[in-house]
Structure formats: C-alpha cells, structure tokens
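# Structural overview
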Amino acid sequence: MLPRNITSTGYNLHSGRTSFIRQVASESIASKLPTMSDAQGGTKKIGRKKEKNKDVLIPLNETPGPSATSLSSPSASNLQVQSNPQISTWIKNNITKKEWCSNKEGCCSGYSELDSTDKVSKPEDFKKRTCNEDKHVHEVSTDAFGVIKFGGQKSSKYVRVFTDTKPEVLYELLTKQWKLPPPNLVISVTGGAKNFYLKSHLKKVFHRGLIKVAQTTGAWIITGGTNAGVMMYVGQAVRDCALNNTMKRKIVAIGVAPWRVIHNKDKLVNEEGCFPAQYVIDTQGQGNMACLDNNHSHFLLVDDGTSDKDAYGAEIPLRTELEQYISDQALGTEATTIKTLVVCVVLDGGGGTLKTIYNAIEKGTPCVILQGSGRIADVIAQVSGLPINSITTTLIKELTKKYFGEEYKHIKDDQIEAWKNMIQKIVEKSDLLTIFRANKDDQGVLDVAILDALLKAFKTAESQEDKSWKKHLELAITWNRVDSAETKIFTEERMWKSSDLHDFMRLALVCNKPDFVSLLLENGLCLEDFLQDNTLCDLYKNLPNCFFLYKLVKKIKFTSSSRTRRKALDMNGLDQARKEVSLEHVSNEVRHLLGKFTKHIYPSSKSGGRNTCREDMPYNSPPLRETWTPRELVQHVVQVPHMENKPETQRDDEAEREDEAKREDEAKRLAGRDLFLWAVVQNNKELSKIAWDQCGDCISAALAASKILKKMAEESIDADEPQEMLELASHFEDRAIGVFSNCYKNDEERAQKLLVRISRLWGKTTCLRLALEADNKKFVAELGVQDLLTQIWCGELSVNNAVWRVLVCMVFFPLIYTKFLAFRCDEDLQREIEQKEDIKMSVEEEKNSTWNNNSDCSKQSVEYPNCWSRLLGLYCAPQVKFYGNIVSYFAFLFLFAYVLMVDFQRTPSIAELVLYFWLFTLVCEEIRQLFYDPDHFGFCEKAKVYIQELWNILDVISILLFCLGLAFRLTTKLLYPGKIILCIDFVVFCLRLMAIFTINRTLGPKIIIVRKMMRDLFFFMFLLSIWVVAYGVAKQGILIENDNRLDWIIVFVFMVNQAHLQ
C-alpha cells in the first residue's frame, strides 16, 4: 500500500511499485541538490558558494475595476468559494499539460513529465531508445486550477500552465473567464530576489508611487508571485492599498511563477479544480523552494517539465510572450487607437536583471531604474549620464565592487566585459531609460517618473511634433493623469486652438474623465464650437449603461416593457439602439422627466434646425409673461431703449451688433445647458458639477436637474441608483438656494424677477414652477421665494395690510379710496419719490442735463392708479378671492343645513331651489378645473392630475351623493332615504372645510397630521375587526343554535360583541 503523502500529490502512478520507486529516488536526488540562490532571471550557480542576492524578474500589472473579482483583497471577509462549472470546463478544454507515455509496444512508461521531480527519473533505457520523443508525449488537461485560500480571509485565483501555452489563451482567461478589465498599462518589475532589503524611505516611495500609477491608469501588476525579494514588496504595496478603505479601485497583481519552485504545490493539485485550495505560507520550511505571496490576486504557475534545479527562470519566456501580446492590444475604449504600453521598473538585481533590462530596451520598452535600491540598478544609475566612451571596463569593475560587496568575488572578468557592453547599449538609448532619484523627504513622485518614462519614449517614437503631443494628451486622458497633462502639455509655451482640443474633449467625456473636461475648458476649448448637433447626438449614442439609456431604448421600441429593460442591454440590439438615438428621442424623454408643462428643448426633425424652438421668442427683450400687471407692463415698455432720435444707419449698426452679441451669449448658454443635461441624465455627479458652472441660467438649471433626477429616481427599478439620484438632486437644490440667496441679498427685486422669468433653455418655464413641480421645499421656504409668493397672494394690495382691513373693504369697498387700505402702487410711488429726493441731493454736484434726463425717465415710470384700477386691484387679488370663497362656502353650508333641518318639504321650497342652483355652480367649477388646460397636457393627463388630489376626490363624492339624494328626494316613496343621503352628504361637504384651513399656520400642520394618522388608523381598525368578528362568531355559535335572523346575527356579531370587548 502506497504512503498517503505519495498518493496525495496527484502523480500518475500507472506502473505501481515501479513508479513508487521512481518517486522515492527522485525525492532523494532532489534533497541532495545544491541551494538555488538566483530566482526568475538571476544567475544560477550550482555546486559552489551561495550568492547573497539573486535577481528576480517581476513585472507589475494593475487595476482591477469594479467588475474584477479579485479574491485576494483582505476586505473580503469569510469568503466561501464555490466552483464555477463554466470556468472549470473552459480551463480543462483550453489549458493543458504534457505527459510522457511508455509501454511494451514502444511508448515510454506512463508518467507525467510535469509531475516528475527530475528528468533523471525517466527509465534508464529511455535515452537509449531510438524513437522520436514527440511521439511519446501527449497533452492532457491541467490538473491544478481553482482558488487558493490562504490562512485568513485572502483568496486568489490560480492555474497551472505549460510553457508553450499561447498568450492569447491566457489573456482570454484573465479578461473573459476571470473577469479582469483589460489593462491600460502593464508595469514589469525586475530586481533582487532573496536577501533583498529596501531602505525605509525607498520602500515608501515605491509603495505609494506604484499603487498610485496602478490605480490612476488602470494598469495590471504582473510579478513573480512568490513571497521573496521585490515580489514581496509589491505584495505589501497591494496589501496596504487594500487596507485603505478609501480606495475605490482594487489592484490586480498577477504572479507568474515557476511551478517547480512552489513550496507545498501538492496542495494545489486536483483534476476537478480546488475551490478552494488551502495553502499555508511556510517560510521556515520552504528550503530552496518559494512560497506564494498571499497579496497577489491571480497566479499563473508555469511548468516546463524540468527539475527543481532548472526551474528558476522557466516562466520568463511565457511571461515575455504574454506581455508582448498585451502590448499589441488596443486600449479598452473605442475612442482611442493607442496600444497598451509596457514599462519596466528595476530595483536592485544582478546579471539576470541586467539581461532583462537589455532585452527590454532592445524591444523599445522604457525602463525606470530606482537609484539607491542596490547592485546593478545603482551601477546603471551612476553611469547613465556619462558619454558612451567613458563607460569602460575599469569603471564597471569599480562600481560592481562598490555595490555588489562580497558577491563581487564570484564575478569573472568576462562577465564584467559582457556587462559593460550591455550597459553601454542601455545608456545609449537615453530616451528609453529613466533614472529615478528619490530623496528622503520625497514620498510620491515615482508614479510621475513611470509615466514620464512612457511619455518620453512615446514622444521619441513619433516623427512629427504635432502628432506627438496629441498622442501624449490621449495617453494622459486614458490614464486619467491630469497632473502630467498640466505640467507637460498645457504650458505657457503654446497657444491652443479650440478646434485642436475637440477630439480630446469627446474622449474625456466618453471615458468619464471630469478633471480633463475642466482642464480643457480652462485651456481654450470653446464649448459652443465643440458641442454642435452631431457631436451632441454622438455623445448620447455613447452614453454609459444608465437608466436614461434604458428609457431611450424603450422609446426606440427595442424593449417592450420595463421587465425586459435590463435584458435588452445584454443583447445585440443595444448597439443598434444606440445608432438610432436622436435628439428628438432625447427631447421627448427630457420633457417627460421635466413635466409636460414644459416645451421640447430640442426641435423635432420636422421643424428643421436646432434653433427652431427659439424663433417664436426674440432675444432682443425680456419675454412677456401673463402674470405681469399693467404697471409692470408699462415699466417693461419704458425699459426698452429709445433709438428714435438716432440716425437710421446708426440704429441699424447698433441693433446688428446687439443681436450678434445676444446670439453669441445664447450659443454659450445653450452649449452649457446641453453638456449639463448630458451629465445629469447619466447621474454623473462630478461631471455635472463642472457642466453646471458653464450654464448661464444656473438657478433654472439646478432646479431642472433636481426635477429630472427625482423623476428618474421615482421610475428606476434599481436598488441603489435611486438613492444616488436623490442625493444629487438635493445637491443641486442646495446650489440653487445658494445662488438665489446671494442674488436676493444684493437686489431683492431683481432676484424675485428671476423666479418668474421664463427660461427658454429649460422648456419655457419658470424657476418657481420647476421648484414647485420638483417638490423642492427647501428652495420654496427661502425668504425671497416666500416674499414673492406673499406678493402674488396679495396681488395689487400691500403685503402689510391686516386681514381685518381687507375683510372690511370687501364689504365697504369705498374705503379703498381712503388710506384705510394700502395698495402696492402707493408704496412704489412713495419709494420713487424718496429716490427722486436722493437723486436731487446727488445731482447738485453734477450737470443739469444729467438731472433732467434722469427726472424724465423717472416721470415716465410713475403712473398713479385711478378709481377703477383700485377697485379691480381689490377684487382681483388672490387673497380677496380666497376670502370671498370661504364666505361663500360657509353661506352654502348654512343654506344646506337650513334646508335639511327647517325647510325640507315634499315640494322643494325657494330656499331649496337656491341650494340646487348653488350646487350647480359648484359642479361648473369642478368641470372648469378638469378641462382647464393652460399647459396643454391633454384631457387624459389632466384627469390624472385632477384625480391625484385628495380634495378633488372629496368634491366628486359630495356632488355624486347630492345628486343621488336629490334623485331619491324627488321620488315620493324614497323621500326619507333621500334626506338621509343628503344629511350624509352634508357631513362630506363639512369635511371639505379642512382643505380651506390647511393654509392656516396653526390648523394646517394639525390637519396634515390627522390625515396621516387616519391612514395608520385604518390598518389598526382592520386588525381590530378581525378579532371582533372572530369573537362574535364564536360566541354566537356557542350561545344560540340555528338562528335564521340575518339582521340580528350581524348586529350581535359586530355591535354587541364590540361593546363586550370594550
């Protein structure tokens, strides 16, 4: 019987005891092998003294996006890993290993070359056989893949691959099966392996710079993956980033390690995959092997079938091919044509590291060397600024002796000569070599050095300077490095044309880079030139997956219901739907979100150009509005410039210049509105803040955004998205409050005019209407808004009049011609007289002509109201109309009560006929409310709005009950039931009084509280009725047998038992 530890390794022991002997023999040979001192790119020395520091080739890769299922993050608590059959099947079908086979018929004895510890363990007569080796090798599915769970909460995905695995297969595994987002950059790190120590200040610089560049650019970090040397420092940097909860983007660190050097690799072997594989990091007992680093998110374990002594560096060819394949891939966004770039970062290292740097430079890969990290890195840093002929063998010997220490004794002269030749060729290509010199006080510029190295190499590769800066800026936008663009591109040496920045503005918008949008606007981009109709339509076609896009897709008939909305975006129809998006669809949807009281912000295709929607209202003068009083209309006319005394040619020139200036200003405001709306509908907070600053009508824009976001939150079927929309809506409501408050502090009158001014940019509506429709209570509660509402409420009357004075004048109207009741025109007249007196005092030091002109203008704006105007001002004021309505309603209730209690005869009396006529007027008023449609909603929409009001429903019920009671009352046999219905109807009419009292400061809040309490009381009574019925039925069944009197049963169950329960 085989020992348990042998069978658990997963080796193919097809030949029984013979295979067991081979296994024991190979283990004994492996135990006698000399210690390996160089790992992954370092120099391997066997049978002699172990070197102190050996180098490792470590490439760095970056950025997991939100979709990346990185299992190595320590924030994932108590992770329960489940096998994914789809991924397991894909790995078995696409990733293989190689096995040797032998039998008496000519095949080698069956065992796995990959699973053998040494090629020496093959049959002794294997090499003596005259057969083709390829015929005795066959491929089988890999037997090591799944998820590694380290001792704690960290987990990582892994797979064992062979050295000849195609890089496109590995790339598909990483991006499609493991769901990693394609990288924007690949960072390859090479350097010291074992016994490597990094100084504390260099460690901080390396950690912060590496993580910053990885997070901001969306890079992949590809390392050797073991817990040693530079790889360990990379893992620590990833760990520190994961522990910082403020970091939104997780870091992807992919370890490409040789399979043969992994300690405890037998724990990872399972033909069906390990989900998870329990792995313990045993640094004390690893010996010449190496443990995996628990801070890496993904592992590619490379096996070439060699023995342990030859395994170090086995992964380098495959990793090189993978990095080369990734560098040939275009960046993730369709808006750019740039390929994925690769950069090599070097720390410490020996001969193997030098060879890696040389190969990278020869392939055109930029390298960043961290000076002060030790050994070969410091040697190259010291000679980087010297002429090529100054780099001699003697100089290299001196520097090697200085930085390599005791290890220098084992370096031969021919090696020094070879190193000198490679260093000369490396230093010769200065455009690809960047030396990073970190001071002790410098904690975060390594990321800038890495990006500068890439940009410098990229700039050198471009032949034309103009094309170079364009590619430079495109890379900076793709990596989201606004600091690099500010320091390297947007300098004072060059003046930028707006047309040169249009493509980059589109790229920044589509890729959601708000910082670059702001930077481009600051550096000369003209928004109105950029945001033409075709560009705006293209932006809507490239909207990210958001609720507004779902609505547009539904408008285009690609989805039939909200239930299939999410599914539709996963189908091929989405691309076709994007192509069909037009500004007309956007306009229809925006009007739906704003409300049908607004007009279309973009014209339909039938109306022609983009500016058609504004032709009906010339920009020359402020728009007229229906709410203006005659006095305001006169003031509006007076404010129009008088040019009748000027020559006709001069008037034409001035008018033309004015119109041109107005058109330019209008274009700017339209472009700002369009960009702001595009950002708001996708719920993009940062971009909408920047676009809001470009809006001319900022108060209307903020209130419109609040309305749109609240409507989308109401209709959204997502779980978290509505809360984000409501937060952004509240943010813009606060912005509107802030702007209006400042305006009101500076000029109260003009600030109030802003509230009722028609905004043509937002559907020809007003700020006040938008605030009311969006239910922006905080904005409406502002002092300036309340003052305006008070003025509207009082009409032409002064807001300072006491209520009792108004009520008295309603009865004795001749009092209005006295000073008993104040009118607003009287106050305005008094104010203008005071202003005239002030002007007289100030004009004494000025010319008389100036005073005469001012006085003439003042006289034109003053008009004393006549008697008829005062009478109309009294009875047309909303305040007086409301008081009259209250008095009339009380009179109606009094007449109703009188008829019911005193004058209810078989034949209707005169008082009752008057009551019927009064009710008819109430019916006419309700019909008017239902059909009056100033906003052109349509009858169906208007009916929905009418029914949504609780008091309207109460009005309809009271009128229907009255009609029913009247029909019964006019019938002789049903006279008394008719009276009962009318009495009940009287109660309903009395309840209608609560709607009148809601405006009272004392009664209004209490009525609202009672109304909300009634809703809760209904559910309480429902629960109580269940117990009452249950108790009544049980008691009735026990006490009385077979009672056929249904009316008595109902009374007993509901009435009597309820009294007993009380």
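Residues numbered from 1 in each chain as written. Predicted model: local features only at pLDDT ≥ 70, side-chain atom pairs only at ≥ 80, totals over all residues. Heavy atoms only, no water.

## Thoughts on the overall build of the chain
Just so we agree on the cut-off: Strands are runs of DSSP state E lasting at least 2 residues, helices are runs of H or I lasting at least 4, and numbering of each runs from the N terminus. Throughout this description, buried means an accessible area under 20% of the type-specific maximum (1.4 Å probe, protein chains only), exposed means over 50%, and partly exposed covers the range between. We call two residues in contact whenever any of their non-hydrogen atoms come within 4.5 Å of each other. Each accessible area is a Shrake-Rupley estimate made with a 1.4 Å probe; only the visible protein chains count as cover when residues are assessed.
The helix and strand inventory of the chain stands at 43 helices and 15 strands. Each of the 1062 residues in the chain was classed as buried or not, and the buried ones make up 48%. Long-range pairs, those at least 24 residues apart, make up 73% of the contacts in the chain between residues at least 6 apart in sequence. Accessible surface for the chain amounts to roughly 54,900 Å². Of this, 54% is attributable to carbon and sulfur atoms.

## Quick look at the packing of helix α28 (residues 748-756) against helix α31 (residues 783-794)
Worth spelling out the cut-off: To get an axis, fit a line to the C-alpha atoms, keeping to the stretch in contact for a helix; angles then go from 0 to 180 degrees between the N-to-C directions. Roughly parallel means an angle under 35 degrees; roughly antiparallel, over 145; roughly perpendicular, 65 to 115; everything else is oblique. Ten residues, namely Ala, Val, Leu, Ile, Met, Phe, Trp, Tyr, Cys and Pro, are considered nonpolar, four, namely Asp, Glu, Lys and Arg, are considered charged, and the remaining ones, Gly among them, are considered polar.
Interaxial distance between α28 and α31 falls to 10 Å at its minimum, and their mutual angle equals 75 degrees. Here α28 is positioned roughly perpendicular relative to α31, judged by the angle of their axes. Between α28 and α31, the contacting residues are Q752, L755 and V756 on the first element and G784, V785, D787, L788 and Q791 on the second. Residues of the contact of α28 with α31, tallied by class, amount to four nonpolar, three polar and one charged.

## Focus on helix α11 (residues 413-428)
Put simply, the test is: Given a helix with a known number of residues, its expected span is that number minus one, times 1.5 Å.
Under the 1.5 Å per step criterion, the end-to-end length of α11 is 23 Å for 16 residues, consistent within 8% with the ideal 22 Å. Along α11, the residues classified as buried are I416, W419, K420, M422, I423, Q424, I426 and V427. If you follow the buried residues of α11, they end up packed against α8 (351-362), α9 (375-383), α10 (393-404) and β13 (433-436).

## Re the packing of aromatic side chains
Rule in force here: Aromatic pairing here means that ring centres of Phe, Tyr or Trp (its six-membered ring) are within 6.5 Å. Orientation follows from the plane angle: under 30 degrees is stacked, over 60 is edge-to-face, and everything else is tilted.
According to the stated counting rule, one finds 24 aromatic pairs in the structure shown. Ring geometry for F404 against W419: centres 5.5 Å apart, planes inclined by 40 degrees, an arrangement best described as tilted. Here F404 is found in helix α10, whereas its partner W419 is found in helix α11, with 15 residues between them in sequence. What makes W419 buried here is its relative accessible area of 7%.

## Focus: the confidence of the model for the chain
Selection rule: Note on scores: pLDDT gives the predictor's confidence for each residue, bounded by 0 and 100.
Per-residue confidence for the chain averages 76 on the pLDDT scale, and 74% of its residues sit at or above 70. Contacts of residues 558-571 to residues separated by more than four positions or lying in other chains number 25 contacts, the stretch itself having pLDDT below 50.

## Quick notes on the side chain of S741
What counts is decided by this rule: Distance and chemistry together define a polar contact, namely a pair of N or O atoms within 3.5 Å, with one atom able to donate a hydrogen and the other to accept it when in protein, and with adjacent residues in sequence counting only for side-chain atoms on both sides.
Tracing the backbone shows S741 in helix α27 (residues 721-746). There is a polar contact of 2.9 Å between the side chain of S741 and the side chain of E782.

## Comments concerning unusual backbone geometry
Going from F275 to P276, the amide bond is cis rather than trans, its omega being 0 degrees. Look at R375: it is not a glycine, yet its phi comes out positive at around 45 degrees. Phi at N683 is positive, roughly 60 degrees, even though this residue is not glycine. Of note, N683 is situated in the loop between α24 (648-681) and α25 (685-692). Given the relative accessible area of 15%, N683 is considered buried.

## With respect to α10
End to end, α10 covers 16 Å across twelve residues, agreeing with the expected 16 Å (1.5 Å per residue, within 8%). Those residues of α10 that are buried lie in contact with α9 and α11. Positive backbone phi, at 65 degrees, marks G405, one or two positions downstream of α10.

## Observations regarding the pattern of salt bridges
What counts here: In the sections that follow, a salt bridge refers to a side-chain nitrogen of Lys or Arg positioned within 4 Å of a carboxyl oxygen of Asp or Glu.
Tallied over the entire structure, the rule returns 27 salt bridges. For D143, the salt bridge identified is with R160, shortest N-O distance 2.9 Å. You can see D143 sitting in the loop between β3 (137-141) and β4 (145-150) and its partner R160 sitting in strand β5 (residues 155-162), a full 17 residues away along the chain. Residue D143 is classed as buried on the basis of its relative accessible area of 3%. The partner of E773 in a salt bridge is R769, with the nearest N and O atoms 3.0 Å apart. Remark: R769 and E773 occur in helix α29 (residues 767-773); sequence separation between them is four residues, near one turn of the helix. Here E773 falls in the partly exposed class, since its relative accessible area comes to 36%. Through salt bridges with shared partners, one network takes in K97, D143, R160, R260 and D303.

## A few points about a negative patch on the surface
Selection rule: What goes into a patch is any residue over 30% in relative accessible area without a salt bridge, connected to like charges within 9 Å or, for nonpolar side chains (Val, Leu, Ile, Met, Phe, Trp, Tyr), within 5 Å. Positive charges come from Lys and Arg alone, negative charges from Asp and Glu alone, with His and the N- and C-terminal ends not counted. Charge positions come from single atoms, namely NZ of Lys, CZ of Arg, CG of Asp or CD of Glu.
On the surface, E486, D515, E522 and E686 cluster together into a patch of negative charge. As for its placement among the helices and strands, D515 is situated in helix α16 (residues 514-522). Assessed through its relative accessible area of 45%, D515 is described here as partly exposed.

## Some details on a nonpolar patch on the surface
Among the surface-exposed residues, V1010, M1013, M1014, L1017, F1020, M1021 and L1024 lie close enough to one another that they form a single nonpolar patch of about 620 Å² accessible area. By the element assignment, V1010 lies in helix α42 (residues 1003-1039).

## Remarks on the pairing of β4
Where we set the bar: Only when DSSP finds a minimum of two bridges between them are two strands counted as paired.
For β4, the tally of buried residues reaches six of six residues, placing the bulk of the element in the interior. The sheet contact formed by β4 and β5 spans five bridges and is antiparallel. If you follow K149 over to β5, its bridge partner there is S155. Hairpin geometry of β4 and β5 is characterised by an intervening segment of four residues between the two adjacent antiparallel strands and by a positive phi of about 155 degrees at G152. Looking at chain direction, β4 and strand β9 (residues 274-279) are connected through four bridges and run parallel.

## Remarks on the environment of D303
Looking at where D303 falls in the secondary structure, it is placed in strand β10 (residues 298-303). On the basis of relative accessible area, D303 is assigned to the buried category, the value being 0%. Considering only alpha carbons, one finds D303 and P258, 45 residues apart in sequence, at a separation of 6.0 Å. At a separation of 3.0 Å, a polar atom in the side chain of D303 contacts the side chain of R160.

## With respect to the nonpolar core
What counts here: Buried residues of nine kinds, namely Ala, Val, Leu, Ile, Met, Phe, Trp, Tyr and Cys, make up a nonpolar core once their side-chain atoms join them within 4.5 Å.
Counting residues in each nonpolar core, the largest one holds 96 residues, and the members touching the most others are L473, Y540, F548, F676 and F779. Considering every element that reaches this core, the biggest residue donor is helix α26 (residues 698-715), with ten residues. Leave out the neighbours within four places in its chain, and Y540 touches F548, V581, L583, V586, Y602, D674, L677, W678 and V681. Judged by nonpolar contacts, the second largest core, of 41 residues, contains L185, I187, I211 and V343.

## Concerning the packing of helix α36 (residues 878-901) against helix α40 (residues 975-991)
Under the convention used in this document: Note on convention: near helix rotated counterclockwise from far helix by under a right angle means a left-handed crossing. Clockwise means right-handed.
Two elements in contact, α36 and α40, have axes separated by 11 Å at closest approach and are oriented at 160 degrees. Taken together, the axes of α36 and α40 lie roughly antiparallel to each other. Where α36 crosses over α40, the handedness of that crossing is left-handed. Where α36 abuts α40, its residues Y889, F892, L893, F896, A897 and L900 lie against K979, L982, C983, D985, F986, F989 and C990. Class assignment for the residues of the contact of α36 with α40 results in eleven nonpolar, no polar and two charged.

## Describing the side chain of R481
Its location among the elements puts R481 in the loop between α13 (465-479) and α14 (482-488). A relative accessible area of 2% places R481 in the buried class. Within the local environment of R481, its side chain forms a polar contact with the side chain of D483, the two groups lying 2.8 Å apart. Contacts of R481, omitting those with residues within four sequence positions, involve K212, V213, T216, T217, D447, V448, L451, A476 and F516.

## Focus on the environment of K599
Along the chain, the position of K599 falls in the loop between α22 (583-594) and α23 (630-639). Measuring from C-alpha to C-alpha, the distance between K599 and W762 comes to 7.8 Å, with 163 residues separating the pair along the chain. Dropping the residues within four chain positions of it, K599 is found in contact with R591, G763, K764 and H936.

## Quick notes on the state of the cysteines
The following threshold applies: Pairs of cysteine sulfur atoms within 2.5 Å are identified as disulfides in what follows.
This structure, assessed with the given rule, holds zero disulfides. Distance from the sulfur of C344, which forms no disulfide, to the nearest cysteine sulfur (C367) is 4.2 Å.

## Quick notes on the environment of V261
For V261, the location among the structural elements is in the loop between β8 (253-258) and β9. For V261 and L301, which are 40 residues apart along the polypeptide, the C-alpha to C-alpha distance reads 9.8 Å. Contacts of V261, omitting those with residues within four sequence positions, involve M289, A290, A311 and Y312.

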